[in-house]
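Residue-level structure breakdown
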Amino acid sequence: YKRLACRSAVASIREGDTIFIDCGTTMQSLADCLPEGLPLSIICYSMNVAAIVTRRPATQVILIGGLYHPSSQSFSSDEGLSYLRRLGINKAFISAGGVHPVRGASCSNFHEIAIKQAVIATAMESILVADASKLGSLKPAFFADLDAFAKIVVGGSVSGELRKRFRGLSLDYVTKAG
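Conventions adopted
Within every chain, residues take consecutive numbers counted from 1 along the sequence as written. Totals for whole chains, interfaces and linings use all residues, but because this is a predicted model, local features are given only for residues with pLDDT of at least 70 and pairs of side-chain atoms are given and counted only at 80 or more. No hydrogens and no water enter the side-chain calculation; it runs on all heavy atoms of the structure. Here, any two strands with at least 2 DSSP bridges between them count as paired. Put simply, DSSP marks the helices as runs of H or I at least four residues long and the strands as runs of E at least two long, and each gets a number from the N terminus on. Fitted lines through C-alpha atoms serve as axes, helices being fitted only where they are in contact, and the angles separating the N-to-C directions of these axes extend from 0 to 180 degrees. Between the rings of Phe, Tyr and Trp (Trp by its six-membered ring), a pair exists once the centres lie within 6.5 Å; its type follows the angle of the planes, with under 30 degrees stacked, over 60 edge-to-face, and the other angles tilted. Think of it in three bands: residues with accessible area under 20% of the maximum for their type are buried, residues over 50% are exposed, and the middle band is partly exposed, with areas taken using a 1.4 Å probe on protein chains only. Two conditions define a charge located above a ring, namely a distance within 6 Å from the ring centre to NZ of Lys or CZ of Arg, and an angle within 35 degrees of the ring normal. Consider the strands pointing away from the viewer: the crossover is right-handed when the path from the first strand over the helix to the second runs clockwise. Taking the helix axis as origin, the arc is that swept by the directions to the C-beta atoms. Should any heavy atoms of two residues lie within 4.5 Å, those residues are considered in contact. N or O atoms closer than or at 3.5 Å make up a polar contact, with two conditions inside protein: a donor-capable atom paired with an acceptor-capable one, and, for residues adjacent in sequence, both atoms drawn from side chains.

**Considering the sheet that holds strand E6 (residues 91-94)**
Pairing in this open sheet of 7 strands is parallel, and the strands run E3-E2-E1-E6-E9-E11-E12 from one edge to the other. The strands lining the two open edges of the sheet, one partner per strand, are strand E3 (59-63) and strand E12 (171-174). In this sheet, neighbouring strand axes are inclined to one another by 20° on average, regardless of whether the strands run parallel or antiparallel.

**Describing the packing of aromatic side chains**
How two aromatic rings sit relative to each other is set out by the distance from centre to centre and by the angle between their planes. Going through the model one piece at a time under the given rule, you end up with 2 aromatic pairs. Consider the rings of Phe20 and Tyr45, whose centres lie 5.8 Å apart with planes at 20°: the pair is stacked. On the criterion of sequence distance, the pair formed by Phe20 in strand E1 (residues 18-21) and Tyr45 in the loop between strand E2 (40-44) and helix H3 (47-53) is long-range, its members being 25 residues apart. With respect to burial, Phe20 and Tyr45 carry one shared label: buried. For the ring pair Tyr68 and Phe75, a centre distance of 5.3 Å and an interplane angle of 55° mean the geometry is tilted. A cation sits over an aromatic face here: Lys116 above Phe143, 4.8 Å from the ring centre.

**A word on the pairing of E3**
One ladder, built from 5 bridges, connects E2 with E3; its direction is parallel. Looking at E3, one finds that Ser41 is bridged to Gln60. Crossover connection from E2 via H3 to parallel E3: handedness right-handed.

**Structural notes on helix H4 (residues 78-85)**
Listed as buried for H4 are Gly80, Leu81 and Leu84. Down the axis of H4, the smallest arc covering the buried residues is 100°, so these residues share one side. Away from the buried face of H4 by more than 90 degrees, exposed residues Asp78 and Glu79 are located. Check the buried side of H4 and you find it contacts E1, E2 and helix H5 (113-122).

**Concerning H5**
Regarding H5, the residues found buried are Ile113, Ile115, Lys116, Ala118, Val119 and Ile120. In the core, the buried residues of H5 are packed alongside E1, H4, E6, strand E8 (104-107), strand E9 (125-131) and strand E10 (141-144).

**Here we look at the environment of Leu34**
If you trace the backbone, Leu34 turns up in the loop between helix H2 (25-33) and E2. Look at Leu34 and you get buried, because its relative accessible area is 4%. Separated by 23 residues in the primary sequence, Leu34 and Ala11 place their C-alpha atoms 8.5 Å from one another. In this view, Leu34 contacts Val10, Ile13, Ile19, Ile21, Leu40, Ile42, Val53 and Arg56; residues no more than four positions away in its chain are not counted.

**Digging into the environment of Ala121**
Structurally, Ala121 can be placed in helix H5. C-alpha separation for the pair Ala121 and Ala148, spaced 27 residues apart in sequence, amounts to 8.7 Å.

**A few points about the side chain of Ser46**
With respect to the helices and strands, Ser46 occurs in the loop between E2 and H3. For Ser46, a relative accessible area of 0% gives the class buried. There is a polar contact of 2.9 Å between the side chain of Ser46 and the side chain of Asn48. If we ignore the near neighbours within four places in the chain, the residues touching Ser46 are Asp22, Cys23, Leu63, Ser72, Gln73 and Ser74.

Below you can see the structure in the form of structure tokens.
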């Protein structure tokens, strides 16, 4: 279901966009789903995403460095945050371990909070991408209210009861390819 959400999320990417791709396995799937041959600038801070996007032709990759965190294959540093805030980002694709209708978007790794928040504040448009298993879940590291996102793309089937809890929010449910 991650791939379904990712395919839908990347449909809005246009030639010449500067995009940010968050860390995590969902974002690894998103990097795999990027349109072939489309000239892009991609900003990332994780090894698993960088390993994919650096193989793309016509792509400028900006890797935000710092202290390496094996738990998420990502980097963090104050210098990286400062650099990130100076970049022009058209679209930011953000992942979350928990997407709760009241408590917002959260993750398990506290070192990710500052970079996620800086990107959401900097990007022209932020898109939360998650599979259905994340809905209704809450992780310890809160990073954003759900209204901080222009769109929330959810892959997989979601019960009617759970959908009711998210009514009024901009969620796109993707349950099948196409």
